[in-house]
There are 2 protein chains.
Amino acid sequence: MTGTPHVSRRRLLGYVGTTGAGAVAGAGLGAGVVLAADAGNDPPAASAPPAPGRTIEPWGAHQAGVATAPTEVTELVALDLLPDVDRESLGRLMRLWTGDVEALTAGRGAPGDPAPWLSQPAADLTITVGAGPGACRPGLLGPGPTGFAAIPVMRRDRLQDRWSGGDLLVVVAGRDGTTVAHAVRRMVADARPFARLRWRQVGSWSPTDPAGRPQTGRNHFGQVDGSGNPRPGTPLFDSTVWVREGPWAGGSTLAVRRIRMDLDTWEELTRDEQERSVGRRLGDGAPLTGGMEIDDLDLAARAQGRLVVPRDAHSRRAHPSLNGGRRMFRKGVNYTREVETRDGVRVESGLVFLAYQADLLDQFVPVQRSLDEADRLNEWTTTVGSAAFAVLPGFEQGSWLGEQLLG
Amino acid sequence: MTGTPHVSRRRLLGYVGTTGAGAVAGAGLGAGVVLAADAGNDPPAASAPPAPGRTIEPWGAHQAGVATAPTEVTELVALDLLPDVDRESLGRLMRLWTGDVEALTAGRGAPGDPAPWLSQPAADLTITVGAGPGACRPGLLGPGPTGFAAIPVMRRDRLQDRWSGGDLLVVVAGRDGTTVAHAVRRMVADARPFARLRWRQVGSWSPTDPAGRPQTGRNHFGQVDGSGNPRPGTPLFDSTVWVREGPWAGGSTLAVRRIRMDLDTWEELTRDEQERSVGRRLGDGAPLTGGMEIDDLDLAARAQGRLVVPRDAHSRRAHPSLNGGRRMFRKGVNYTREVETRDGVRVESGLVFLAYQADLLDQFVPVQRSLDEADRLNEWTTTVGSAAFAVLPGFEQGSWLGEQLLG
């Protein structure tokens, strides 16, 4: 039961639409529609037939893949720079990667690609590049954006090195795992003289409803996840997400948190207990205080003397009004992974939580601390990985990734 | 460059189309189209707009998911029966699973599902159930179909227990990993009193071209993989895939082989070396002897004195004419997986190779032996997992999975 009318939901989300105003891809089979990276402010009519896929241009003030609508598959790889990499060679890697990003997202093979057939246009492919604290230092990229640093370890974190840290990040999103894996492989292969793989995380999402229309999507708990997000293309989104001044202007920061979810104990709860932990209805994501998914929570509402949205409900603890107006743009993906045990194999489920914000220290960290202190969901979730990256500013055709910082 | 006209390729594939003759799903939002499980014989016109997704009915002479068109995501889990499971309790599990299959593929939650919101209609979801040799014995399912047994270990196999064997198999295919993972979780959870997870394999495929039209798809080597397949809905497909007589009539057998692919050394080859190893052109999957992907190889063709399709080329060694007319229906999915090493993380790539045939011993085994002896691709591939399953016959509404065998 999703009660929200589709037009409203679509407007709410404001994601880059499937039939936007861009030109048809010249290189493709006439099927895909080309959209600018940040064309998020003019959602198409809800009656437009869903397109099979889009070719998303990588150029613009911002990298593609942040404001872009979620896709079915997201793969993240973090790399560590080799000891002898300096500013000059990091610039070489960024120029190489720029060529890769331009070719792969257009559906061509990367330069020197031995399997160019694995690239396809209209694959909804975006590639987004970030730099960790280790790369944001003198002699490399210089200082990161204001407030950018490693995320302090939270009290409840149970971090594993295996899922944490990294000097560079590549996020590849698309509609199928084969195309995405090929793009990741090319990016990692081209980085080989400069950096080696540190970790890799793969997740999936269900970004469309049965009619092919954008929907918020759900995490493995069944929660609609991402409802309160600022809408791409709005001033609120821009001020939340993009760095405004200095050499990082047009960039962002990204917190990557790997959150293990204990579905076995979660599923022992009643629906009422689950909904009170979240603060929203499971069926449609609407606040427990009523309305639709797009509506805000009424944090003061009481029924039979008690708060409708409990004090430690996740959506109260994360609410901007209780966090000095602080927001982030969340874009998590669900993961599953088999873990070998003495008795056989167990499937571990969780969320690769991605939060984009202009200022990591001022936005992400305080909200995370508030959740760390008293989020009821903490009982069924454990953060096992944590990493911070500064998302490089966008680049124009003829320019390259990071030119503002390394050029 | 895919030179094959789309209508031809579509006809060739003959997959269950996106706008077939089924009735619109009553329970959905009016978007998905319901198709019978084995409606593979009447492909729609190529000009039909691609539908956002399909609800595929599970009922019929055959289980859904075999003849059904490939999807973006496939997850396979093998389970081992607990020691005290008998015919009666196995029947109970099958009745439970039947309810799960009917609900989940329709986009409803499974009975007792604590997160029914993770089910969606029009998710292209199919669930296919099989039984390993350990379940095909007196006191359980009784003997399997003719020729069904564990796959003999091949000379070049480097099998790991971790990816091999199993008493029961569940194959879940769909368009996004979140919906698929939820269905797998429900099936495994409902099996808990009867069986425990043995292994899990997840793969992806790129089943549509940039216009959203069906395509054969490619493995990680960049090869078009599956070109010579019999076309669902044809007599050749039926005689290749389905068991014809006895209690298993309407069922099939399935070989699951996990094939690691060494992309690093493969990518060192020239394109000519790669194409001569495969016997087909990498660009469009056409035989090296000319024509289009749909055309057969000319195994006698020579150029400058040497065979155009070398003696040990993969597609020659696997060709029905050199294997006594033996065929199988192949439906592999690409996997990637991170492997921790002393120096960090490495991504391993490969193929979860699925071969369906009526008679495992008479069809799959001899062809596999022929490849084991002299397939040039063996140099860059290693089979690390192997398992055989008898695919249960289909079931009608009101009946249940395996009733012919356990009822």
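Residues numbered from 1 in each chain as written. Chains lettered and ligands numbered in written order. Predicted model: local features only at pLDDT ≥ 70, side-chain atom pairs only at ≥ 80, totals over all residues. Heavy atoms only, no water.

**What about the overall build of chain A?**
Right, so step 1: Across its full length, chain A carries nine helices and 13 strands.
Right, so step 2: Here chain A holds 407 residues, and 63% of them are scored as buried.
Right, so step 3: Looking at chain A alone, contacts between residues at least 24 apart form 74% of all its contacts between residues at least 6 apart.
Right, so step 4: Total accessible area on chain A stands at roughly 14900 Å², and carbon and sulfur atoms take up 49% of it. (Helix = DSSP H or I, 4+ residues; strand = E, 2+ residues; numbered from the N terminus. Buried < 20%, exposed > 50% of the residue type's maximum accessible area, 1.4 Å probe, protein only. Contact = heavy atoms within 4.5 Å. Areas by Shrake-Rupley, 256 points an atom, 1.4 Å probe, with all protein chains shown as cover.)

**Focus on the interface of chain B and chain A**
Right, so step 1: Contacts between the two partners involve 59 residues from chain B and, on the opposite side, 59 residues from chain A.
Right, so step 2: Between chain B and chain A, a total of about 5000 Å² is buried, with carbon and sulfur atoms accounting for 53% of that surface.
Right, so step 3: When the buried surface of chain B facing chain A is broken down by residue, B:Trp117, B:Arg200 and B:Pro210 rank first, second and third, together holding 16% of it.
Right, so step 4: Remark: the boundary between chain B and chain A carries 14 salt bridges.
Right, so step 5: Between B:Arg192 and A:Asp264 there is a salt bridge, with the nearest N and O atoms lying 3.8 Å from each other.
Right, so step 6: At the boundary of chain B and chain A, one finds 24 residue pairs in polar contact (both at pLDDT 80 or more).
Right, so step 7: Taken together, the elements giving at least two residues each to the side of chain B that touches chain A come down to helix H3 (177–190), strand E6 (195–204), helix H5 (263–266), helix H6 (271–278), strand E11 (333–341) and strand E12 (344–357) of chain B.
Right, so step 8: Across the side of chain B that touches chain A, the residue classes tally to 22 nonpolar, 18 polar and 19 charged. (Buried area = accessible area lost by both parts, 1.4 Å probe. Salt bridge = Lys/Arg side-chain N within 4 Å of Asp/Glu carboxyl O. Polar contact = N/O pair within 3.5 Å; in protein donor to acceptor, adjacent residues only side chain to side chain. Nonpolar A, V, L, I, M, F, W, Y, C, P; charged D, E, K, R; others polar.)

**Side note on the relation of the copies chain B and chain A**
Right, so step 1: For the pair chain B and chain A, the superposition axis carries a translation of 0.0 Å, the fit reaches an RMSD of 0.0 Å, and the rotation angle comes to 180 degrees. Such a turn and shift between the copies fits a two-fold axis.
Right, so step 2: With an isologous cut-off of 70% or more, the 100% of interface residues of chain B that recur at the interface of chain A puts this contact in the isologous class. (Least-squares fit on C-alpha atoms with pLDDT ≥ 70 in both.)

**Considerations on the pairing of strand E3 (residues 73–81) of chain B**
The side chains of a regular strand alternate, first on one face of the sheet and then on the other.
Residue and element names in this part refer to chain B.
Right, so step 1: In terms of burial, E3 is largely enclosed, as nine of its nine residues are buried.
Right, so step 2: A two-sided burial pattern is seen for E3, the buried positions comprising Val73, Glu75, Val77, Leu79 and Leu81 on one face and Thr74, Leu76, Ala78 and Asp80 on the other.
Right, so step 3: Sheet topology note: the E3/strand E5 (residues 168–174) ladder contains seven bridges and is antiparallel. Each bridged residue has a counterpart across the sheet, and for Val73 the counterpart in E5 is Gly174.
Right, so step 4: With nine bridges connecting them, E3 and E6 associate as antiparallel partners. Note that in E6 the partner of Glu75 across the bridge is Val202. (Pairing = 2+ DSSP bridges.)

**Things to note about the packing of helix H2 (residues 87–106) of chain A against helix H3 (residues 177–190) of chain A**
All names here are of chain A.
Right, so step 1: Taken N-terminus to C-terminus, the directions of H2 and H3 make an angle of 160 degrees; their axes are 10 Å apart at the nearest point. By the angle between their directions, the pair H2 and H3 is classed as roughly antiparallel. Pair H2 / H3 crosses with right-handed handedness. Within the contact between the two elements, H2 uses Leu93, Leu96, Trp97, Asp100, Val101 and Leu104 and H3 uses His182, Ala183, Arg186, Met187 and Asp190.
Right, so step 2: Its residues assigned to classes, the contact of H2 with H3 shows seven nonpolar, one polar and three charged. (Axes fitted to C-alpha atoms, helices over the stretch in contact; angles between N-to-C directions. Parallel < 35°, antiparallel > 145°, perpendicular 65-115°, else oblique. Left-handed = near helix turned anticlockwise from the far one by under 90°.)

**Here we look at the pattern of salt bridges**
Right, so step 1: Inspection of the entire model under this criterion finds 38 salt bridges over all chains.
Right, so step 2: The shortest N-O distance in the salt bridge between A:Glu338 and B:Arg162 comes to 3.2 Å. One end of the pair, A:Glu338, is in strand E11 (residues 333–341); the other, B:Arg162, is in the loop between strand E4 (126–131) and E5, on a second chain. Residues A:Glu338 and B:Arg162 agree in their burial class; the two are buried.
Right, so step 3: Residues joined in a network through salt bridges with shared partners are A:Glu75, A:Arg162, A:Arg200, B:Glu338 and B:Glu340.

**Observations regarding the nonpolar core**
Right, so step 1: Among the nonpolar cores identified, the biggest contains 89 residues, and A:Leu90, A:Met94, A:Trp97, A:Leu141 and A:Leu168 are the most heavily contacted of them.
Right, so step 2: Residues in contact with A:Trp97, not counting those within four places in the same chain, are A:Leu79, A:Val129, A:Leu168, A:Val170, A:Met187, A:Asp190, A:Ala191 and A:Leu401.
Right, so step 3: Core analysis: the next-biggest nonpolar cluster, separate from the first, contains 88 residues, B:Phe329, B:Leu351, B:Ala355 and B:Tyr356 among them. (Core = buried A, V, L, I, M, F, W, Y, C linked by side-chain atoms within 4.5 Å.)

**A closer look at the environment of B:Pro58**
Residues and elements named next belong to chain B.
Right, so step 1: In this structure, Pro58 sits in the loop between strand E2 (54–56) and E3.
Right, so step 2: Using a relative accessible area of 7% as the deciding quantity, one classes Pro58 as buried.
Right, so step 3: A sequence separation of 46 residues divides Pro58 from Leu104, and the C-alpha atoms of the two residues are 9.9 Å apart.

**Side note on the environment of A:Phe237**
Residues and elements named next belong to chain A.
Right, so step 1: Its place among the elements puts Phe237 in helix H4 (residues 235–241).
Right, so step 2: The spacing of Phe237 and Phe329 is 92 residues in sequence and 7.7 Å in space, taken between C-alpha atoms.
Right, so step 3: Every residue in contact with Phe237, bar those within four places of it in the chain, is listed here: Ala67, Pro230, Arg231, Pro232, Trp242 and Phe329.

**Things to note about the packing of aromatic side chains**
Residue and element names in this part refer to chain A.
Right, so step 1: Tallying each qualifying case throughout the model produces 10 aromatic pairs over all chains.
Right, so step 2: Through successive ring pairs, a cluster of aromatic residues spans Phe221, Trp266 and Trp380.
Right, so step 3: One residue, Arg258, lies across the ring of Trp163, its end atom 3.6 Å from the ring centre.
Right, so step 4: When the ring centre of Tyr335 is taken as reference, the NZ or CZ atom of Arg258 above it lies at 3.7 Å. (Phe/Tyr/Trp six-rings, centres within 6.5 Å; stacked < 30°, edge-to-face > 60°. Lys NZ or Arg CZ within 6 Å of the ring centre and 35° of its normal.)

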